[in-house]
Amino acid sequence: MAGIAAATRKSRYHSRLFAYLAMDTMTENDYLTAWGLYAFAALGCLLVWWRMTRWIWRWLREPLQLLMAVLLLSPTIVDPVKTQFAPAVAITALDLVLKVGNNAWRAISDLFMYTMIAFGVYLVFVLIRWPIERAAKARRERKAATDAALAAEDPEDDEPFRRPAPVSGMRVEPRL
């Protein structure tokens with residue numbers, strides 16, 4: 001009798017208290033919470049990456065930082081019916097390592113597309129910034145040259161009414 005009652009009794013996960021554990025899908029709130037946690041972790045990883053690459057030459061550091069930002073922040077679609085997205089790097093890694101799913105090529109193509117768009121925008125930014133920096137460098141060099149020239153020329157008497165240093169006990173007359 002006790003065996004029959006135990007066999008027909010539902011598991012503890014069917015009670016109301018644990019009903020959320022038996023669900024196979026994420027609610028909208030769970031989905032947004034997961035993306036929020038991922039965004040927070042990705043920004044932390046970006047800060048660590050920027051700290052690690054700060055010693056590198058600028059023209060190599062900026063593209064590396066941009067590439068890491070694209071890798072961490074680019075989404076790819078997982079379920080077209082529900083329009084749910086996931087990080088493209090995570091989908092690619094999970095599909096290739098675990099050999100499950102067929103989203104790896106879509107995620108790789110999304111990564112490549114986002115990378116090309118980001119580097120195109122970066123190239124436009126560099127082409128705008130480059131002449132501005134060259135002009136600023138030339139202006140700094142001109143200022144340094146004029147400051148050096150002013151420091152090198154003889155100090156003339158720019159203040160004709162300046163009082164000379166008093167000699168002990170002598171009367172000093174004003175200069176006219």
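Since the structure is predicted, the reported quantities are computational estimates derived from the model, not experimental observations.

Asker: It is not clear to me how the UniProt feature "transmembrane region" (unreviewed entry) in the chain should be interpreted in this structure. Could you clarify?
Answerer: Residues annotated by UniProt as "transmembrane region" (unreviewed entry) correspond here to residues 31–50 and 111–132. Secondary structure over residues 31–50 splits into 100% helix and 0% strand, and the C-alpha atoms at its two ends are 28 Å apart. As annotated, residues 111–132 has a helix share of 100% and a strand share of 0%, and its two end C-alpha atoms lie 32 Å apart.

Asker: Would you take a moment to explain the packing of aromatic side chains for this structure?
Answerer: Note on aromatic pairs: each is described by the distance of the centres and the angle between the planes. Tallied over the full model, the rule gives one aromatic pair. With centroids separated by 5.7 Å and ring planes inclined at 90°, the aromatic side chains of W35 and Y38 adopt a geometry described as edge-to-face. Placement of the pair is W35 and Y38 together in helix α2 (residues 28–52), with a separation of three residues, close to one helical turn. For Y38, a relative accessible area of 24% gives the class partly exposed.

Asker: Even after reading the chapter, I still don't get the nonpolar core, so can you show me in this structure?
Answerer: The nonpolar side chains of a soluble globular protein tend to be buried with one another. Counting residues in each nonpolar core, the largest one holds five residues, listed as A86, A88, I91, A107 and L111. Where this core is concerned, the elements lending two or more residues are α4 (88–98) and α5 (104–152). The contacts of A88, once residues within four sequence positions are left out, are S74, P75, T76, A107 and L111.

Asker: Please explain the pattern of salt bridges as it appears in this structure.
Answerer: Where side chains of opposite charge bring their charged atoms close, a pairing between them can arise. Summed over the entire model, instances satisfying the criterion amount to five salt bridges. Between E62 and R58 there is a salt bridge, with its nearest N and O atoms 3.3 Å apart. Taken together, the residues span about one helical turn, with E62 and R58 both in helix α3 (residues 58–73) at a distance of four residues. A residue is classified by how much of its surface remains accessible, and R58, at 26% relative accessible area, is partly exposed. As a salt-bridge pair, R129 and E62 come within 2.9 Å of each other at their nearest N and O atoms. Of this pair, R129 sits in helix α5 while E62 sits in helix α3; the two residues are 67 residues apart in sequence, bridging distant segments of the chain. Of the two residues examined, R129 and E62, each falls in the buried class. Through salt bridges with shared partners, one network takes in R58, E62, R129 and E133.

Asker: Is there a simple way to explain α3 in this structure?
Answerer: Within an α-helix, residues lying three or four positions from one another point in the same direction, as the helix has 3.6 residues per turn. Here α3 is 16 residues long and its end C-alpha atoms lie 22 Å apart, about the 22 Å a rise of 1.5 Å per residue gives. E62, P63, Q65, A69, V70 and L72 are the residues of α3 that are buried. Taken together, the buried residues of α3 touch α2 and α5.

Asker: What's the story with the confidence of the model for the chain in this structure? I'm lost.
Answerer: Low-pLDDT stretches of the model should not have their predicted coordinates read in fine detail. Of all residues in the chain, 74% attain a pLDDT of 70 or more, and the chain-wide mean is 83. Ranking the elements of the chain by mean pLDDT puts helix α1 (residues 2–8) last with 55 and α3 first with 95.

Asker: Even after reading the chapter, I still don't get the side chain of D110, so can you show me in this structure?
Answerer: Following the sequence through the fold, D110 ends up in helix α5. One buried charged residue, D110, remains without a salt bridge, the closest side chain of opposite sign being R106 at 6.1 Å. The residues contacting D110, other than those within four sequence positions of it, are P75, T76 and I77.

Asker: Please clarify how a positive patch on the surface should be interpreted in this entry.
Answerer: Taken together, the side chains of K137, R139, R140 and R142 present a region of like positive charge at the surface. Structurally, the position occupied by R139 is in helix α5.

Asker: Sorry if this is basic, but what is going on with a nonpolar patch on the surface here?
Answerer: Taken together, the side chains of L94, L96, V97, L98, V100, W105 and I108 present a nonpolar region at the surface, about 750 Å² in accessible area. Sorting the residues of the nonpolar patch by element identifies α4 and α5 as the ones contributing at least two each. At four residues, the largest contribution of residues to the nonpolar patch is made by α4. In this fold, I108 is placed in helix α5. A relative accessible area of 30% means that I108 is categorised as partly exposed.

Rules of the game
- Residues numbered from 1 in each chain as written.
- Predicted model: local features only at pLDDT ≥ 70, side-chain atom pairs only at ≥ 80, totals over all residues.
- Heavy atoms only, no water.
- UniProt positions renumbered as here; feature names shortened; annotations may be inferred.
- Helix = DSSP H or I, 4+ residues; strand = E, 2+ residues; numbered from the N terminus.
- Phe/Tyr/Trp six-rings, centres within 6.5 Å; stacked < 30°, edge-to-face > 60°.
- Buried < 20%, exposed > 50% of the residue type's maximum accessible area, 1.4 Å probe, protein only.
- Core = buried A, V, L, I, M, F, W, Y, C linked by side-chain atoms within 4.5 Å.
- Contact = heavy atoms within 4.5 Å.
- Salt bridge = Lys/Arg side-chain N within 4 Å of Asp/Glu carboxyl O.
- Expected span 1.5 Å × (residues − 1).
- pLDDT = per-residue confidence, 0-100.
- Lys, Arg positive; Asp, Glu negative; His and termini not counted.
- Patch = residues over 30% accessible without salt bridge, like charges linked within 9 Å, V, L, I, M, F, W, Y side chains within 5 Å.
- Areas by Shrake-Rupley, 256 points an atom, 1.4 Å probe, with all protein chains shown as cover.
- Charge placed at Lys NZ, Arg CZ, Asp CG, Glu CD.

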